[in-house]
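# Observations on the model geometry
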Amino acid sequence: MSAQPSTPPFVRVLDSTGLPSTVYDDAGLLPADRDSLAALARRVGDVDLAAPPVVLPDFHHKSNMELPSSVAVATNASVRPDLTSSSVNCGMALIAVDSEVPDDRAVDRFMRAVRERYPYPTRGRMELTRKEAVLAATHGAEFAVDRWNAPPEDLERIEEGGRLDLDRHGGAARLTAELPALAFQLARFRFGTVGPSNHFVEVQRVEEVLDPERASLLGVREGQLTIQYHGGGGVLTGELGRLFFRRKDYPRQVKAVNAALKPWFHLRSARSFQQLRQRLSLYFTEGCDSVPLSSDEGQRLMLANAAAMNYGFAFRVATYASLRRLAAETFGGAVGRLVVDSPHNSIYEEPHGTSTAVVHRHNSCRAFPAAMMEPGTTFAETGQAVLLPGTNRTSSYLAVAGENAATSLYSTCHGAGTVISDLVARGLSGEDPMARRTRRYRYDGAAPTDAPHLDDNGVNAALHVLMRHGLVRPVARMRPLAVLN
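Just so it is clear, the structure is predicted and the values come from calculations on it, not from any experiment.

## Description of the packing of aromatic side chains
- Applying the stated rule across the entire model yields nine aromatic pairs.
- With a centroid separation of 5.5 Å and an interplanar angle of 20 degrees, the aromatic rings of Trp 148 and Phe 191 are classed as stacked. Note that Trp 148 is positioned in helix 4 (residues 141–148) and Phe 191 in the loop between helix 6 (181–186) and strand 7 (200–209), a separation of 43 residues in sequence. Summarising the burial analysis for this pair, Trp 148 and Phe 191 share the class buried.
- Seen from their ring centres, Phe 191 and Phe 315 are 5.5 Å apart, and the 75 degrees between their planes marks the pair as edge-to-face. One end of the pair, Phe 191, is in the loop between helix 6 and strand 7; the other, Phe 315, is in helix 11 (residues 296–330), with 124 residues separating them in the sequence.
- According to the relative accessible area criterion, Phe 191 is buried, its value standing at 1%.
- On the accessibility criterion, Phe 315 (3% relative accessible area) is buried.
- Its end group placed over the ring of Phe 284, Lys 262 keeps NZ or CZ at 5.4 Å from the ring centre.

## Considerations on the environment of Ser 63
- By the element assignment, Ser 63 lies in the loop between strand 3 (54–60) and strand 4 (69–75).
- A relative accessible area of 72% places Ser 63 in the exposed class.

## Considering the nonpolar core
- In this structure, Phe 110, Phe 191, Val 201 and Leu 236 are the most contacted members of the largest nonpolar core, which totals 78 residues.
- Among the elements that take part in this core, helix 11 stands out by supplying 19 residues, more than any other.
- If near-sequence neighbours (up to four positions away) are discounted, Phe 110 is found in contact with Val 201, Val 203, Ile 227, Leu 323, Leu 326, Ala 327, Thr 330 and Phe 331.
- Of all hydrophobic cores here, the second largest spans 32 residues; its members include Tyr 24, Leu 30, Ala 51 and Leu 423.

## Let's talk about empty space enclosed by the protein
- This structure, assessed with the given rule, holds four cavities of 30 Å³ or more.
- Size it by volume and the largest cavity reaches roughly 100 Å³.
- Looking at the largest cavity, it is lined by 13 residues, and the ones nearest its centre are Pro 81, Val 88, Leu 240, Gly 241 and Leu 301.
- Contributing elements (two or more residues each) for the lining of the largest cavity: helix 8 (235–243) and helix 11.
- Tallied by class, residues from the lining of the largest cavity come to eight nonpolar, four polar and one charged.

## Here's the deal with the layout of surface pockets
- Each pocket or cavity is described by its volume, and for the second largest pocket that value is around 470 Å³.
- Among the secondary structure elements, those contributing two or more residues to the lining of the second largest pocket are helix 11, strand 10 (336–343) and strand 11 (345–352).
- With five residues, strand 11 is the largest single contributor of residues to the lining of the second largest pocket.
- Residues that form the lining of the second largest pocket fall into these classes: 13 nonpolar, five polar and 12 charged.

## What to know about the pairing of strand 11
- Where strand 11 and strand 12 (residues 355–362) come together, eight bridges link them in antiparallel fashion. Paired with His 352 across the strands is Ser 355, a residue of strand 12.

## Things to note about the packing of helix 5 (residues 171–178) against helix 11
- Interaxial distance between helix 5 and helix 11 falls to 10 Å at its minimum, and their mutual angle equals 90 degrees. Taken as axis vectors, helix 5 and helix 11 run roughly perpendicular relative to one another. Here helix 5 contributes Gly 171, Arg 174, Leu 175 and Glu 178 to the contact with helix 11, which in turn contributes Asp 296, Arg 300, Leu 303 and Ala 307.
- A per-class count over the contact of helix 5 with helix 11 returns three nonpolar, one polar and four charged.

## Focus on the packing of helix 13 (residues 417–425) against helix 14 (residues 457–468)
- Taken N-terminus to C-terminus, the directions of helix 13 and helix 14 make an angle of 125 degrees; their axes are 8 Å apart at the nearest point. Judged by the angle between their axes, helix 13 and helix 14 are oblique. For the element pair helix 13 and helix 14, the recorded crossing hand is right-handed. In contact with Val 419, Ile 420 and Leu 423 of helix 13, helix 14 contributes Asn 457, Gly 458, Val 459, Ala 461 and Ala 462.
- Within the contact of helix 13 with helix 14, the residues separate by chemical class into six nonpolar, two polar and no charged.

## Some details on helix 8
- The element helix 8 is extensively covered by neighbouring structure, given that nine of its nine residues are classed as buried.
- Regarding helix 8, the residues found buried are Val 235, Leu 236, Thr 237, Gly 238, Glu 239, Leu 240, Gly 241, Arg 242 and Leu 243.

## Topic: the environment of Leu 282
- Locating Leu 282 in the fold gives a position in helix 10 (residues 273–283).
- Put simply, Leu 282 and Pro 369 are 87 residues apart on the chain and 36 Å apart in space, counted from C-alpha to C-alpha.
- Excluding its chain neighbours within four sequence positions, the residues that come into contact with Leu 282 are Gly 287, Asp 289, Val 291 and Glu 297.

## Points about the pattern of salt bridges
- According to the stated counting rule, one finds 34 salt bridges in the structure shown.
- Of the charged contacts in the structure, one is a salt bridge between Arg 125 and Glu 127, with a shortest N-O distance of 3.3 Å.
- The partner of Arg 214 in a salt bridge is Asp 211, with the nearest N and O atoms 2.9 Å apart. Asp 211 carries the same exposure label as Arg 214, and that label is buried.
- A single network of salt bridges, built from pairs that share partners, joins Arg 174, Glu 178, Arg 271, Arg 279, Asp 296, Glu 297 and Arg 300.

Cut-offs applied
- Residues numbered from 1 in each chain as written.
- Predicted model: local features only at pLDDT ≥ 70, side-chain atom pairs only at ≥ 80, totals over all residues.
- Heavy atoms only, no water.
- Phe/Tyr/Trp six-rings, centres within 6.5 Å; stacked < 30°, edge-to-face > 60°.
- Helix = DSSP H or I, 4+ residues; strand = E, 2+ residues; numbered from the N terminus.
- Buried < 20%, exposed > 50% of the residue type's maximum accessible area, 1.4 Å probe, protein only.
- Lys NZ or Arg CZ within 6 Å of the ring centre and 35° of its normal.
- Core = buried A, V, L, I, M, F, W, Y, C linked by side-chain atoms within 4.5 Å.
- Contact = heavy atoms within 4.5 Å.
- 1 Å grid on protein atoms, 1.4 Å probe; cavity = no way out; pocket = protein on both sides within 12 Å on 5 of 7 lines; lining within 4 Å.
- Points joined across faces, edges and corners; volume = space filled by probe spheres on them.
- Nonpolar A, V, L, I, M, F, W, Y, C, P; charged D, E, K, R; others polar.
- Pairing = 2+ DSSP bridges.
- Axes fitted to C-alpha atoms, helices over the stretch in contact; angles between N-to-C directions.
- Parallel < 35°, antiparallel > 145°, perpendicular 65-115°, else oblique.
- Left-handed = near helix turned anticlockwise from the far one by under 90°.
- Salt bridge = Lys/Arg side-chain N within 4 Å of Asp/Glu carboxyl O.

What follows is the structure in structure tokens.
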């Protein structure tokens, strides 16, 4: 696939609201859904925007989410927890394995080993001590690298090195003093679990290298085996993500736990009647007000966000260490290396123009160019790596940040699943002309089934929009061989 010339982004008015947004779509092939645009306008209309909200390909609105997916919203001096998901630091990662493609028996052994290591349902298994749960929240991926014997050099492939500083927001002492002990007890469970739904473990083959120089630097070559996985941030991230807002997405068991945690966390620690009233208004009523970043409440929220992000980074490093070990055991001693770990639900303070902004991403990934990455790291040469997964029936892409990434608040979409489904429904995409299939495994232990592939029209359409605006540069294309979901 050849690179296409970049053109500047454009600003569109969202229906009758008058709120502008920077929309990256294809008016003929991938028009942004007008109802979802209107929903975005209603949600962010009263926010102190630092820039127009960014709408990326795969833009859609799930009924149980406050904000449409595939967006980035930057505010000047405030934070809004509803502008990202309650599943803070849900993300995807890619492992490059030093192996050619294995046969079906080896894949069977690998998937069986993954199910045994991380069964679903999880059977109440505790993975951490309480002390380790606190260390995961405070030290992030650094804790997990030591705990599960992952290569420390892989920390450079994780956003922010896998650790956010808690001290600038009040420190670990404040977190452990205010957060109920029950939260850390619950955080001991299901650590590293992938599970079903839209989460997955996928074995792939690198079918095409599109940028040989960057692929070599990232450790990817044609014909190589890769493992891509989508995992949440874990129990603590879901707890903290729901403590600061009345969410639509409230599973029954989480709702029961938060009925005890939420009043304890917010009301018990209030230091004045005014603060008590503020927290009741912010977290126990409908809607969500902007919280000034410099206020005590804003710093408290950012402290919880940083702790959740750290726990999520540690969570996926634990998963990575297990998958790396299992691949070595089942694929003939192959050694895996982390290519990238890419969160797609996050809140960060980031550079914006000559100042900074609070960037909220909901099902979108950060994409910093090489000049913004830590000197001496691989990403400082290639630009930050990002993933554009298709589905388990199409190709997926490894890419890096493009030259115009700043125009999208350094953001790109985290997948193309909705685009693929839409093009199939409209008759613009169909069966794979080569009749390839993915071997599909389930957690119930049933025999694997074959899922026939589709063509790559959908994932390519999303990629072309990103390339046309200079948001990403594709590096390699991977095709799925087997998936557990």
